[in-house]
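# Architecture at a glance
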Amino acid sequence: MRRGLLLAIVACGHPAPAAQPPRPAQPIRALDAAPPLPLDAPLALEDDLPRLATRAVHLFEDWRKALDDAHGDCTAAAKAVDAVADSYADVIAANTRVLHAGHARVVALKTALKHYDADMDAAAAGIAADLQSLVPKCESVPELGRALDRVGGAPP
């Protein structure tokens, strides 16, 4: 019904508009802004706290494994921890952004991590034990200190 009414109003007694002269072709200009993200685009890691929490647990577990696998070798530990920092650079950066976003975001991340308390505690205890034996004997290996700083989120 509405369509018929609309057609009747449009066709009823209105002259057709005069033909416009064709416009000269203009080159198509690229848009300055990036195209909008699709509706199903994944959230940034710092905005997806459950995913960040899961990845943080994996970071800690891999960090522990890297130190364990080094078997007390300072250079091997430095390389392994550096590789963990490379693998989890997104987690380290997202965690830093959450820490700078304010108290409410930090509390929200801590809440998301609550589900993994046992896993995080076990990994952290293993890391601490390995570092307790490694750090005193590896003081002459600055690469280990730099790798530990990186994985801990210190700026390069």
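Residues numbered from 1 in each chain as written. Predicted model: local features only at pLDDT ≥ 70, side-chain atom pairs only at ≥ 80, totals over all residues. Heavy atoms only, no water.

### A closer look at the pattern of salt bridges
Opposite charge on two side chains allows them to pair when their charged atoms are near. Tallied over the entire structure, the rule returns 9 salt bridges. Here Glu46 makes a salt bridge to Arg97, at a shortest N to O gap of 2.9 Å. Placement of Glu46 in the loop between α1 (2-11) and α2 (49-70) and of Arg97 in helix α4 (residues 89-100) is noted, with a sequence separation of 51 residues between them. Residue class for Arg97 comes out partly exposed when judged on its relative accessible area of 42%. Among the salt bridges present, the one from Asp90 reaches Arg55, with a minimum N-O distance of 2.7 Å. Placement of Asp90 in helix α4 and of Arg55 in helix α2 is noted, with a sequence separation of 35 residues between them. Exposure remark for Asp90: the relative accessible area of 35% places this residue in the partly exposed category. A relative accessible area of 24% means that Arg55 is categorised as partly exposed. (Salt bridge = Lys/Arg side-chain N within 4 Å of Asp/Glu carboxyl O. Helix = DSSP H or I, 4+ residues; strand = E, 2+ residues; numbered from the N terminus. Buried < 20%, exposed > 50% of the residue type's maximum accessible area, 1.4 Å probe, protein only.)

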